Amino acid sequence: DVKVTQSSRYLVKRTGEKVFLECVQDMDHENMFWYRQDPGLGLRLIYFSYDVKMKEKGDIPEGYSVSREKKERFSLILESASTNQTSMYLCASSPSGTGGYEQFFGPGTRLTVL
Amino acid sequence: AQSVTQLDSQVPVFEEAPVELRCNYSSSVSVYLFWYVQYPNQGLQLLLKYLSGSTLVESINGFEAEFNKSQTSFHLRKPSVHISDTAEYFCAVIDTNAGKSTFGDGTTLTVKP
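Worth saying up front: this structure is predicted, and the values here are computed from it rather than measured.

Student: Which parts of the structure should I look at to understand the environment of glycine 108 of chain A?
Tutor: Residue and element names in this part refer to chain A. Mapping glycine 108 onto the fold places it in the loop between strand S10 (104-105) and strand S11 (109-113). What makes glycine 108 buried here is its relative accessible area of 0%. For glycine 108, the residues in contact, after removing those within four places along its chain, are Gln6, Ser8, Arg9, Met88, Tyr89 and Leu90.

Student: What is the right way to look at the nonpolar core in this model?
Tutor: General note: in soluble globular proteins, nonpolar side chains tend to be found buried as a group. Grouped together as the largest cluster of nonpolar side chains are 27 residues, with contacts concentrated most on Leu33, Trp35, Leu47, Leu48, Phe74, Leu76 and Tyr89 of chain B. Not counting the four nearest positions on each side in its chain, tyrosine 89 of chain B is found in contact with Gln6, Leu21, Trp35, Tyr36, Val37, Leu47, Phe63, Leu76, Gly106, Thr107 and Leu109 of chain B.

Student: Just checking my understanding: could you explain the state of the cysteines for this structure?
Tutor: By definition, a disulfide links the sulfur atoms of two cysteines through a covalent bond. Residues and elements named next belong to chain B. The tally for this structure, following the rule as stated, stands at 2 disulfides over all chains. The disulfide that involves cysteine 23 links it to cysteine 91, with 2.0 Å between the sulfurs. Note on the cysteine 23 and cysteine 91 pair: the S-S dihedral is about -70°, so by sign convention the disulfide is left-handed. Residue cysteine 23 is found in strand S4 (residues 23-26), and its partner cysteine 91 is found in strand S10 (residues 87-95); the two are separated by 68 residues along the sequence. Neither residue differs from the other here; cysteine 23 and cysteine 91 are each classed as buried.

Cut-offs and rules
- Residues numbered from 1 in each chain as written.
- Chains lettered and ligands numbered in written order.
- Predicted model: local features only at pLDDT ≥ 70, side-chain atom pairs only at ≥ 80, totals over all residues.
- Heavy atoms only, no water.
- Helix = DSSP H or I, 4+ residues; strand = E, 2+ residues; numbered from the N terminus.
- Buried < 20%, exposed > 50% of the residue type's maximum accessible area, 1.4 Å probe, protein only.
- Contact = heavy atoms within 4.5 Å.
- Core = buried A, V, L, I, M, F, W, Y, C linked by side-chain atoms within 4.5 Å.
- Disulfide = S-S within 2.5 Å.

Next comes the structure, spelled out in structure tokens:
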């Protein structure tokens, strides 16, 4: 069974802290994605990666960075957390190519920044 | 660039009533179309998708969606909803030449007894 796991379901951090959100997939997918989900705004793409050590900015990369050292793991980093980064963060993966492949999502991490 | 518009942010219906969740998209290239469902406190999961062929696609739990190229729409329908269908539904498109999806803002379906 296809699986995308995220390191925490709930996380509470303080303003200014460095925050790491981890995502692991066991499907050997090339593509991995980080989204944030806010009420009324749907899913907004932060960063995606189409291969190890490769990354591309999404629609809202400001205040975030990512790391992909291994194919199965994609980390989202908040260098200095701020209250406006309080949100639900969703990781997803998909195969590469143009075959119309769907994305497989993790359960999400609900981050609160105080 | 492509965009997705889900025309209703909230849809309340009574159990066993029919429902339609509307999705329109715009794109300068050919796209694939998807509906995802998100149950409370879970990630998104694929409900159904249109890649090619028959414009009517069905899911295993009774939902169907029809691709209408002339109206650039991909509306989701179910003839009789259950309480367990209460969830948020997202329409998404992916450019046939790229790997990124564009999602709509979501429609919250609430089924009342």
